[in-house]
Amino acid sequence: MGDNTNDKNIFESPQVESDSIEVLSLKLLKATDELTKKNEALNKSEKARKEMLSNISHDLRAPITAIRSSIDLLNSMNDISRDDLKSTLGIIDRRVANLENLINDMYYLFCVEDEGRKLDIETVDAVTFLENYFFDAIVDSRYDNHDMQLDVPADLNCSIAIDVQKTVRVLDNLFTNAAKYSGDGSSITLGAGLEGEWLKITVSDNGIGIDEDAVKHIFERTYTVSSARTPGVEAGSGLGLSIVRAVIEREGGTIHCDSTPGCGTTFTIELKTF
Ligand code: ADP
């Protein structure tokens, strides 16, 4: 045991000596408040992580169960007609495609969200990028039954800093959704306009729209993975809009959705111009 002077050096901080009890209590309250907030944020993200894992395992399990049943069926049959074999293999094929789709999207989202991976950012002319995208997209047979419109003023004269490949993926996701959730003959419009130093890019459709309650959740992985399926529409991975938001946020932009059930939906992306 050392002498008294040494003990004092170890156990007393000069800060404590100079603060009154009131100041110390206030500091303690503030620190407790901050800790509580951090704890709440951690609990929230832990809850979201658990929900996401549970939804992903659910979505992985469904096609695997179907594949397993088809294989069991094939194994249990002594004689199988060519037609039965073809239709059972067809089921397996579609379910494997669902699985591939889901796994590819999960990996894509993981890569985009990983701050350690750099995006391939380049500065491009906004009008050229949007026009090129539009004229490449409209020849795709997915849009054969839609009225495709371009509403981008030619004189916007601005550049945006984007990862071109990933932003093409963003527009692809929004365009395919617009086509998926609207009937034949309906229109899909790619628009753009300037607001101060921000470029607003819009993808609008006049399809089935989204309920007010659902709009709040469509960008969440946990929600889109399992709860937002629309009857009659071929199931996607449910991660499309999460990927869209993740890319745009990493490019320093924002995205939001306005929708009226029965009338249509508009997604608006805002990106800083240069
Ligand atoms: P997925 O389409 O694979 O389910 P997304 O993340 O792309 O997943 O979309 C999430 C949900 O948002 C969709 O399931 C659908 O209910 C809704 N949604 C997205 N885009 C539109 C749209 N343009 N019109 C109507 N509903 C849409």
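Residues numbered from 1 in each chain as written. Predicted model: local features only at pLDDT ≥ 70, side-chain atom pairs only at ≥ 80, totals over all residues. Heavy atoms only, no water.

This part is about the packing of aromatic side chains. The tally for this structure, following the rule as stated, stands at 5 aromatic pairs. Between Phe 134 and Phe 135, the aromatic rings sit 5.4 Å apart at their centres with planes inclined by 85°, giving edge-to-face as the arrangement. Residue classification places Phe 134 among the buried positions, given a relative accessible area of 3%. On the basis of an interplanar angle of 85° and a centroid distance of 6.1 Å, the ring pair of Phe 219 and Phe 267 is categorised as edge-to-face. Of this pair, Phe 219 sits in the loop between helix H7 (212-215) and helix H8 (221-224) while Phe 267 sits in strand E7 (residues 264-272); the two residues are 48 residues apart in sequence, bridging distant segments of the chain. For the pair shown, Phe 219 and Phe 267 are each scored as buried. Through pairs of rings, three or more aromatic residues link up here, namely Tyr 133, Tyr 143 and Phe 175. (Phe/Tyr/Trp six-rings, centres within 6.5 Å; stacked < 30°, edge-to-face > 60°. Buried < 20%, exposed > 50% of the residue type's maximum accessible area, 1.4 Å probe, protein only. Helix = DSSP H or I, 4+ residues; strand = E, 2+ residues; numbered from the N terminus.)

Compared with an ideal rise of 1.5 Å per residue, which puts 56 residues at 82 Å, helix H3 (residues 21-76) spans 79 Å between its outermost C-alpha atoms and is within 8% of the ideal. Among all positions in H3, only Met 52, Asn 55, Ile 56, Asp 59, Pro 63, Ala 66, Ile 67 and Ser 70 are buried. (Expected span 1.5 Å × (residues − 1).)

Here the structure, examined in full by the defined rule, presents 9 salt bridges. For the salt bridge of Asp 114 with Arg 117, the shortest nitrogen-to-oxygen distance reads 3.2 Å. Under the relative-accessibility criterion, Asp 114 is labelled partly exposed at 26%. Close ionic contact of Asp 213 with Lys 216 constitutes a salt bridge, the shortest N to O distance being 3.5 Å. Given a relative accessible area of 53%, Asp 213 falls into the exposed group. Lys 216 gets classed as exposed once you look at its relative accessible area, which sits at 58%. It is possible to trace a salt-bridge network through shared partners that takes in Glu 195, Lys 200 and Glu 270. (Salt bridge = Lys/Arg side-chain N within 4 Å of Asp/Glu carboxyl O.)

So, on to unusual backbone geometry. Unusually for a residue other than glycine, Asn 157 sits at a positive phi of about 45°. By the secondary structure assignment, Asn 157 is in the loop between strand E2 (147-151) and strand E3 (159-163).

Right, let's get into helix H5 (residues 126-137). In a regular helix each residue adds 1.5 Å, so 12 residues correspond to 16 Å; H5 covers 16 Å between its end C-alpha atoms and thus fits that length. Those residues of H5 that fall on the buried side of the exposure criterion are Ala 126, Val 127, Phe 129, Leu 130, Tyr 133, Phe 134 and Ala 137. In a view along the axis of H5, the buried residues occupy a sector of 165°, so they form one face of it. Next to the buried residues of H5 lie strand E1 (121-125), E2, E3, helix H6 (164-180), strand E4 (187-195) and strand E5 (198-205). (Arc of directions from axis to C-beta. Contact = heavy atoms within 4.5 Å.)

The next thing to look at is the side chain of Ser 182. By secondary structure assignment, the location of Ser 182 is in the loop between H6 and E4. Reaching out from Ser 182, the side chain makes a polar contact with the backbone oxygen of Ala 178 at a distance of 2.4 Å. In terms of polar contacts, Ser 182 uses its side chain to reach the side chain of Ser 186, at 3.2 Å. Ignoring anything within four residues of it in the chain, the contact list for Ser 182 reads His 146, Asp 205, Asn 206, Gly 207 and Ile 208. (Polar contact = N/O pair within 3.5 Å; in protein donor to acceptor, adjacent residues only side chain to side chain.)

A contiguous nonpolar patch, built from Ile 80, Leu 85 and Leu 89 and spanning about 210 Å² of accessible area, is present on the exposed surface. Within the secondary structure, Leu 89 sits in helix H4 (residues 82-113). Taking the relative accessible area as the measure of exposure, Leu 89 reaches 44% and is therefore partly exposed. (Patch = residues over 30% accessible without salt bridge, like charges linked within 9 Å, V, L, I, M, F, W, Y side chains within 5 Å. Areas by Shrake-Rupley, 256 points an atom, 1.4 Å probe, with all protein chains shown as cover.)

The biggest cluster of nonpolar side chains holds 47 residues, and the ones touching the most others in it are Leu 174, Phe 175 and Leu 190. A per-element tally of this core places H5 first, with 7 residues. Here Phe 175 is in contact with Tyr 133, Phe 134, Ala 137, Tyr 143, Met 148, Ile 188, Leu 190 and Val 203, once residues within four sequence places are set aside. (Core = buried A, V, L, I, M, F, W, Y, C linked by side-chain atoms within 4.5 Å.)

Attention now goes to the confidence of the model for the protein. Per-chain confidence: the protein averages 87 in pLDDT, with 88% of residues scoring 70 or above. Here residues 1-8 is modelled with pLDDT under 50, and outside its nearest four sequence neighbours on either side it reaches 3 contacts, counting other chains as well. Every residue in residues 225-232 scores below 50 in pLDDT, and together they form 17 contacts with partners more than four places removed in sequence or on other chains. (pLDDT = per-residue confidence, 0-100.)

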